[in-house]
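# Report on the structure
Spelled out from the first residue to the last, the chains are:
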Amino acid sequence: MFEKFGEFDTYSEINELAENLFNEGDLKSIKVVAEENGIPAEVAEAYINMELPYLCDALSAALGKIDIEVAELKPKEIMEDWVEYLRGQCIENEKLALKVRKKDKSLKGCIGALLSWSFKNQQPVDKDIIKAAGVNAGKVTLGIPGMGRAKKIINKYYGA
């Protein structure tokens, strides 16, 4: 992740580097910057061909970072749902999209915040539900946040 050019704090930094690389004629590096930041190759080509005035905007930079982090993290089940919810929230809330791009924020940290809440808010599961599930444990607890709570946790984590 972010091997050659490092992690960028804002989409403006990505665009500034892309512009400098373009002005230097280093078109190959523009493609590398795009790839490292989850920006589709077609978008990089369109930028290089001067069909786009910039390589990314706040939303595409945020979604690109999420995509790069997902490729490394490989979330499953409820974590996938949280990631999709985060993507949707970025689309609806530009302030969140800007915060997702920050260097000190990560998908791992966001999921960690959701998991932390989950452990702190476990509730006992009714014995009839435990029996219906075929579980032979004396006590079972569960603490997964609903989507409203998840939204609050996500926004708090990212500071949006």
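Anything mentioned here points back to the structure above.
Residues numbered from 1 in each chain as written. Predicted model: local features only at pLDDT ≥ 70, side-chain atom pairs only at ≥ 80, totals over all residues. Heavy atoms only, no water.

### Observations concerning the nonpolar core
Among the nonpolar cores identified, the biggest contains 19 residues, and Leu86, Cys90, Val100 and Tyr158 are the most heavily contacted of them. Taken together, the elements giving at least two residues each to this core come down to helix H4 (58-73), helix H5 (78-92), helix H6 (94-100), helix H7 (107-120) and helix H9 (147-158). Per element, the largest residue contribution to this core is five residues, and it comes from H9. Here valine 100 is in contact with Ala62, Lys65, Ile66, Leu86, Cys90, Lys105 and Tyr158, once residues within four sequence places are set aside. (Core = buried A, V, L, I, M, F, W, Y, C linked by side-chain atoms within 4.5 Å. Buried < 20%, exposed > 50% of the residue type's maximum accessible area, 1.4 Å probe, protein only. Helix = DSSP H or I, 4+ residues; strand = E, 2+ residues; numbered from the N terminus. Contact = heavy atoms within 4.5 Å.)

### Focus: H5
The first and last C-alpha atoms of H5 sit 21 Å apart over 15 residues, in line with the 21 Å expected at 1.5 Å per residue. Listed as buried for H5 are Trp82, Val83, Leu86, Arg87, Gln89 and Cys90. The buried residues of H5 occupy an angular sector of 165° when the element is viewed end-on, so they sit on one face. Within H5, the exposed residues directed more than 90 degrees away from the buried face are Ile91 and Glu92. Looking at the buried positions of H5, the neighbouring elements they touch are H4, H6, H7 and H9. (Expected span 1.5 Å × (residues − 1). Arc of directions from axis to C-beta.)

### Considerations on the environment of glutamate 42
As for its placement among the helices and strands, glutamate 42 is situated in helix H3 (residues 41-48). Between the C-alpha atom of glutamate 42 and that of asparagine 23, which follows or precedes it by 19 residues, the distance is 20 Å.

### Notes on unusual backbone geometry
With a phi close to 55°, lysine 74 is a non-glycine residue in the positive phi region. If you trace the backbone, lysine 74 turns up in the loop between H4 and H5. Look at lysine 74 and you get exposed, because its relative accessible area is 54%. One non-glycine residue, glutamate 77, lies in the positive phi region at around 50°. Summarising the element assignment, glutamate 77 is placed in the loop between H4 and H5.

### Focus: the side chain of lysine 105
Assignment of secondary structure puts lysine 105 in the loop between H6 and H7. In this structure lysine 105 is buried but unpaired, with aspartate 104 as the nearest side chain of opposite charge at 4.9 Å. Sequence-distant contacts of lysine 105, that is, excluding residues within four places in its chain, are made with Glu7, Lys65, Glu69, Lys99, Val100, Tyr157 and Tyr158. (Lys, Arg positive; Asp, Glu negative; His and termini not counted. Salt bridge = Lys/Arg side-chain N within 4 Å of Asp/Glu carboxyl O.)

Worth remembering: the numbers are spatial, not functional.
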